[in-house]
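Here are the chains, one letter per residue:
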Amino acid sequence: MAKSKKSKESKPPKAPAMANLSIEGPPQTVHEDVEQATNYRALSDLPSPATSVFSTDSRQSVGSEQLKAKWKKKFGRFNKPTNHSRNNSINSVGSFSQSEDFKKLFDEDGTEPVQKKEEEEVYVVKQRWGYCSYAFSVGQVLVLIIMMTGCGIAPMNVNPMIGPYPDALSYWGGKNAVNIIDDGEWYRLITPIMLHAGVIHLLCNVAVQVETGAFFEREWGSLRWMIIYITSAIGSSALSVIKMPGAISVGSSGAVMGLFGAKLAEVTVRFLDRDKSTQGRIAHQVRKEQCAGVTCSVVVVMLFSFIPYVDWSAHLGGLIAGFCVGMVIFALNLKNKKGLFLWTILGTIITCIFYTIVFKEMYSGDVDPPEELRDVCGYYKQFFDDYECKCMRGQQN
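Visitor: Just checking my understanding: could you explain the state of the cysteines for this structure?
Guide: Linking two cysteines covalently through their sulfur atoms gives a disulfide. Under the counting rule described, the total for this entry stands at one disulfide. You can see C352 has no disulfide; the closest cysteine sulfur is in C324, sitting 9.7 Å from it. Look at C352 and you get partly exposed, because its relative accessible area is 44%.

Written as structure tokens, this is what we have:
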């Protein structure tokens, strides 16, 4: 009986440490076993090959050897990790793939599942551009250029804003209380928004108008923006006639203040109007953040009240008018019917009260503008020796 030689049993290759496993050339799709898992966690300390690598709960697990065999059959052998592959693996812990698609299943540290990323939040506005804001700004620039070309540039002691003489401002439609009250030139309640005292004054107002003003127009729509802008300009000039009847005032800052007032009205009216939709939540957050910016802008614009031919009463009148009109406009968009009714009634009442008081005061007889303002050129000549009248030649003394 021949002795049978003991056949050398081939020892299975020693499995590398699980913490260093990696696969080069990963699959493009996630394996079906991995796809079933809902709470992936890579384990850094695996005491034995039987330890589960990926698990969903205590009833469903995949042993490391079983998973290794399936991956080897489907995607090729396991390669010994190199420094390069170890560094590129997910924190070098329990990493079985370097593919970007596979890594999306994990957080950056490889220890927690990556939740589905929320879509980027976008604040949806009504229109792409602030058409009226840009149109008014371009028109204001052109008007100042034409004025300075035809009427000349006043010396710095007369107009420190680098602009025309005051008589040019009145001639082109600036707020002149004598012409408005006594001569019935009501158009002067609106035309001052197209005029500016000079280059510095223009740049400051236009900068705010094309930035903040244009964004408000994109939010509200051009029609609402125009209503607020024009009504604020009227309220601005009207209050200026009452409080500063002896000054020639120009500038769009009163109308811009009206836009700020309307934004404050929108925040106030919609504060309790909770829209639970994603867009409603974003809009609510945007309005909260705008409060600080609007408040800062109001303070900055009010500082320009001390510029020659620009008065504080015009700014205040525009702010109040914009708030009143804005309350009515934005109340109409409320989804809560009770809030819609209450805010609309309240806004209508305070708007009527404001304009009624202003116009009643204008024609009450208590406002007495100086008659000298009929001859603006002669009026300012008594204050400046080098004053020249280039736009009102027919009224020169």
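The rest of the description comes next.
Visitor: Is there a simple way to think about the pattern of salt bridges in this case?
Guide: Side-chain pairing between opposite charges can occur once the charged atoms of the two side chains come close. What the rule picks out here adds up to seven salt bridges. Between D183 and R374 there is a salt bridge; the shortest N-O distance is 2.9 Å. Of this pair, D183 sits in the loop between α7 (177–181) and α8 (199–220) while R374 sits in the loop between α13 (337–362) and α14 (376–381), and the two are 191 residues apart along the sequence. A relative accessible area of 34% means that R374 is categorised as partly exposed. A salt bridge links K263 to E266; the nearest nitrogen and oxygen atoms lie 2.6 Å apart. In this pair, K263 and E266 both sit in helix α10 (residues 253–270), three residues apart, roughly one turn of the helix.

Visitor: Is there a simple way to think about the packing of α8 against α10 in this case?
Guide: In contact at an axis separation of 10 Å, α8 and α10 are set at 35 degrees when each is read in the N-to-C sense. Judged by the sense of rotation from one axis to the other, the crossing of α8 with α10 is left-handed. Of α10, the residues touching α8 (which contributes H201, N205, V208, Q209, T212, G213, F216, E219 and W220) are S253, V256, L259, F260, A262, K263 and E266. Residue composition of the contact of α8 with α10, grouped by class: seven nonpolar, six polar and three charged.

Visitor: Hey, could you run me through empty space enclosed by the protein in this one?
Guide: In this approach the atoms are scanned with a rolling probe the size of a water molecule, which exposes any empty space left behind. For the coordinates displayed, the defined rule picks out two cavities of 30 Å³ or more. Considering only enclosed or pocket space, the largest cavity measures out at about 100 Å³ in volume. Residue lining of the largest cavity: 17 residues in total, with P192, S236, S237, G251 and A314 positioned closest to the centre. Looking at the lining of the largest cavity, the element that brings in the most residues is helix α9 (residues 222–243), giving four residues. A per-class count over the lining of the largest cavity returns seven nonpolar, eight polar and two charged.

Visitor: I would appreciate a short explanation of the environment of G174 in the present structure.
Guide: If you trace the backbone, G174 turns up in the loop between α6 (166–171) and α7. Looking at G174, the relative accessible area reads 0%, which means it is buried.

Visitor: Help me out: how do you make sense of the nonpolar core in this one?
Guide: Proteins that are soluble and globular tend to have nonpolar side chains buried together. In terms of nonpolar packing, the biggest core is built from 35 residues, with W220, W225, I228 and F260 touching the most fellow members. Where this core is concerned, the elements lending two or more residues are α5 (131–151), α7, α8, α9, α10, α11 (278–303), α12 (312–331) and α13. Per-element accounting of this core gives the leading share, seven residues, to α9. Once residues within four sequence positions are removed from consideration, I228 is found in contact with W220, G258, L259, A262, G322, V325, I329 and F330. Grouped together as the second largest cluster of nonpolar side chains are 23 residues, M148, Y165, L202 and I248 included.

Visitor: I keep staring at unusual backbone geometry and nothing clicks. Help me out?
Guide: With the exception of glycine, most residues fall at negative phi, and the peptide bonds are largely trans. Its identity is not glycine, yet I162 carries a phi of approximately 60 degrees, on the positive side. Judged by its relative accessible area of 36%, I162 falls in the partly exposed class.

Visitor: Could you clarify how one ought to interpret a nonpolar patch on the surface in this entry?
Guide: A contiguous nonpolar patch, built from V138, L142, I145, I146, Y171 and W172 and spanning about 600 Å² of accessible area, is present on the exposed surface. Considering each element in turn, the nonpolar patch owes the most residues, four residues, to α5. Among the secondary structure elements, I146 is positioned in helix α5. A relative accessible area of 49% means that I146 is categorised as partly exposed.

Cut-offs and rules
- Residues numbered from 1 in each chain as written.
- Predicted model: local features only at pLDDT ≥ 70, side-chain atom pairs only at ≥ 80, totals over all residues.
- Heavy atoms only, no water.
- Disulfide = S-S within 2.5 Å.
- Buried < 20%, exposed > 50% of the residue type's maximum accessible area, 1.4 Å probe, protein only.
- Salt bridge = Lys/Arg side-chain N within 4 Å of Asp/Glu carboxyl O.
- Helix = DSSP H or I, 4+ residues; strand = E, 2+ residues; numbered from the N terminus.
- Axes fitted to C-alpha atoms, helices over the stretch in contact; angles between N-to-C directions.
- Left-handed = near helix turned anticlockwise from the far one by under 90°.
- Contact = heavy atoms within 4.5 Å.
- Nonpolar A, V, L, I, M, F, W, Y, C, P; charged D, E, K, R; others polar.
- 1 Å grid on protein atoms, 1.4 Å probe; cavity = no way out; pocket = protein on both sides within 12 Å on 5 of 7 lines; lining within 4 Å.
- Points joined across faces, edges and corners; volume = space filled by probe spheres on them.
- Core = buried A, V, L, I, M, F, W, Y, C linked by side-chain atoms within 4.5 Å.
- Patch = residues over 30% accessible without salt bridge, like charges linked within 9 Å, V, L, I, M, F, W, Y side chains within 5 Å.
- Areas by Shrake-Rupley, 256 points an atom, 1.4 Å probe, with all protein chains shown as cover.

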